[in-house]
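Take a look at the letters that make up each chain.
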Amino acid sequence: MEHQSLYERIGGDAALRQLTDQFYDLVFNHELISRLFKTDKDLIKEKQRLFLTQFLGGPQLYSDVYGHPMMRARHMPHTITEDDAVAWLQCMASAVESLALPEELKNELFDRFPRTAFFMVNTGDQ
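Residues numbered from 1 in each chain as written. Predicted model: local features only at pLDDT ≥ 70, side-chain atom pairs only at ≥ 80, totals over all residues. Heavy atoms only, no water.

As annotated in an unreviewed UniProt entry, the chain carries the name Hemoglobin and is attributed to Dyadobacter soli. What UniProt states about the chain under its Sequence similarities (unreviewed entry) heading is, verbatim, "Belongs to the truncated hemoglobin family. Group II subfamily." (UniProt positions renumbered as here; feature names shortened; annotations may be inferred.)

Below you can see the structure in the form of structure tokens.
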């Protein structure tokens, strides 16, 4: 049996569009982290969708458009605290939970995010 990527197993592009829409509905209105997302909201969502496609084993869409993700470097201009990472993860957990997927697949999907979220923290002791 051929191994399917997490991207494919969650439902591909349709699932990621739903996830990013739900996630950013929460993020753009979050009292702590909305300050980090003040540019073009449609562009922010699209970049996230492209990145997540690649991050979850789908086509390398983000790299095709923007080059290597270099996510930490791209986030350095923004002050990101541990509290921000926790808030981001809470929004992502809610967005993941909104997907019509089996719980074990939701857990596998969410488990991909904490390490990356805390890697973006750029304040305090590292």
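Draft legend 1. Broad picture of the overall build of the chain. Looking only at helices and strands, the chain has eight helices and zero strands in total. Starting at the N terminus and ending at the C terminus, the chain contains elements arranged as α-α-α-α-α-α-α-α. Computed over the C-alpha atoms, the radius of gyration of the chain is 14 Å, within 12% of the 14 Å expected from 2.2 N^0.38 for a compact globule of 126 residues. Considering the chain as a whole, with its 126 residues, one finds that 40% of them fall into the buried category. Counting contacts in the chain only where the partners sit at least 6 residues apart, residues at least 24 apart contribute 67% of the total. (Helix = DSSP H or I, 4+ residues; strand = E, 2+ residues; numbered from the N terminus. Rg over C-alpha atoms; globule rule 2.2 N^0.38 Å. Buried < 20%, exposed > 50% of the residue type's maximum accessible area, 1.4 Å probe, protein only. Contact = heavy atoms within 4.5 Å.)

Draft legend 2. Main features of the layout of surface pockets. Volume-wise, the largest pocket comes out at about 750 Å³. Tyr24, Phe37, Ile44, Met71 and His75 are the residues nearest the centre of the largest pocket, which is lined by 26 residues in total. When residues of the lining of the largest pocket are traced back to their parent elements, those giving at least two are α3 (41–55), α5 (71–75), α6 (82–97) and α8 (114–119). A per-element tally of the lining of the largest pocket places α3 first, with seven residues. (1 Å grid on protein atoms, 1.4 Å probe; cavity = no way out; pocket = protein on both sides within 12 Å on 5 of 7 lines; lining within 4 Å. Points joined across faces, edges and corners; volume = space filled by probe spheres on them.)

Draft legend 3. Summary view of the pattern of salt bridges. Enumeration according to the criterion identifies eight salt bridges in this entry. Here lysine 45 makes a salt bridge to aspartate 21, at a shortest N to O gap of 2.9 Å. Here lysine 45, found in helix α3, pairs with aspartate 21, found in helix α2 (residues 12–27); they are 24 residues apart in sequence, far enough to count as distant. The salt bridge partner of glutamate 103 is lysine 106, with a shortest N-O separation of 3.3 Å. Here glutamate 103 and its partner lysine 106 are both found in helix α7 (residues 103–110), three residues apart, which amounts to about one turn of the helix. Within this structure, Asp13, Arg17, Glu46 and Arg49 form a network of salt bridges that share partners. (Salt bridge = Lys/Arg side-chain N within 4 Å of Asp/Glu carboxyl O.)

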